[in-house]
Amino acid sequence: IVEIRVHRPACDRETLQEHLCQQFGLQEAVLFSDEESSARIDHNIAKRMLEFLEERQPEYLGIGWGSIIGTATRLLDRVPPHDTAIRSVCPLVGNSSVSSRQYHSDENVRIIAACYGAQPVFLHAPVFYQDEAERNLLYATRHYQDVNRLWDKLDMALVGVHDTTIERDVGY
């Protein structure tokens, strides 16, 4: 009455990683099992992201925000500062109004820059604005334009792309 069949996946992990690289022009793709808790997955992704950063050592580094970046900064809290080829670290987005450190780009930049002996560059701006006029005021400042020029120099950007954890956690 009951029949259970186990089918092989259409492709293995390595084949899927190669396909992702070809499809999206990536240099490398790393897949993680979704059988673990989201905190464990974030830990594994953050750990591999930091290994990748150490391997590549970009001169100019941009930092996003979120649970993976927050996990990476917590891992770096335990790493002694050391010199690398990384010259400058800047945020890719403004700061959040939530109290969790992982959503404060400038704080993430400070921690990462300190660990790698790089110069931190802070945005000192919110991620969301009251209106277009407020946004335009920020965009017109010399400081914002300096950061914008730095974005054009970035060799690497570290961002977390995964489920909608932030929506569940803080309502964004």
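Residues numbered from 1 in each chain as written. Predicted model: local features only at pLDDT ≥ 70, side-chain atom pairs only at ≥ 80, totals over all residues. Heavy atoms only, no water.

Novice: What's the story with the nonpolar core in this structure? I'm lost.
Specialist: Soluble globular proteins: nonpolar side chains tend toward being buried together. Core analysis: the largest hydrophobic core is formed by 23 residues, its most contacted members being Leu-53, Leu-61, Ile-63, Val-89, Tyr-116 and Leu-158. Elements with a contribution of two residues or more to this core: helix 2 (38-56), strand 1 (60-63), helix 3 (67-76), helix 4 (105-116) and strand 4 (156-158). With six residues, the top contributor of residues to this core is helix 4. Those residues in contact with Val-89, other than ones at most four positions away along the chain, are Leu-61, Ile-63, Val-109, Ile-112, Ala-113, Ala-118, Gln-119, Pro-120 and Val-121. Counting residues in each nonpolar core, the second largest holds five residues, with Leu-123, Ala-125, Leu-138 and Tyr-144 among its members. (Core = buried A, V, L, I, M, F, W, Y, C linked by side-chain atoms within 4.5 Å. Buried < 20%, exposed > 50% of the residue type's maximum accessible area, 1.4 Å probe, protein only. Helix = DSSP H or I, 4+ residues; strand = E, 2+ residues; numbered from the N terminus. Contact = heavy atoms within 4.5 Å.)

Novice: Looking at this model, I keep getting lost on the packing of aromatic side chains. Mind explaining?
Specialist: Both the distance between ring centres and the angle between the ring planes are used here to describe each pair of aromatic rings. Under the definition given, this model contains four aromatic pairs. Considering the side-chain rings of Tyr-129 and Tyr-139, the 6.5 Å spacing of their centres and the 85° angle between planes classify their relative orientation as edge-to-face. One end of the pair, Tyr-129, is in the loop between strand 3 (119-120) and helix 5 (132-139); the other, Tyr-139, is in helix 5, and 10 residues separate them in sequence. We classify Tyr-139 as partly exposed; its relative accessible area is 33%. Through a chain of ring-to-ring contacts, three or more aromatic side chains come together here, namely Tyr-129, Tyr-139, Tyr-144 and Trp-151. (Phe/Tyr/Trp six-rings, centres within 6.5 Å; stacked < 30°, edge-to-face > 60°.)

Novice: Any chance you could explain unusual backbone geometry here in plain terms?
Specialist: Note: most peptide bonds trans; most residues except glycine with negative phi. Despite not being glycine, Gln-57 shows a phi value in the positive range, around 40°. For Gln-57, a relative accessible area of 26% translates into the label partly exposed. Residue His-124 is not a glycine yet carries a positive backbone phi of 50°. Residue placement: His-124 occurs in the loop between strand 3 and helix 5. Using a relative accessible area of 59% as the deciding quantity, one classes His-124 as exposed.

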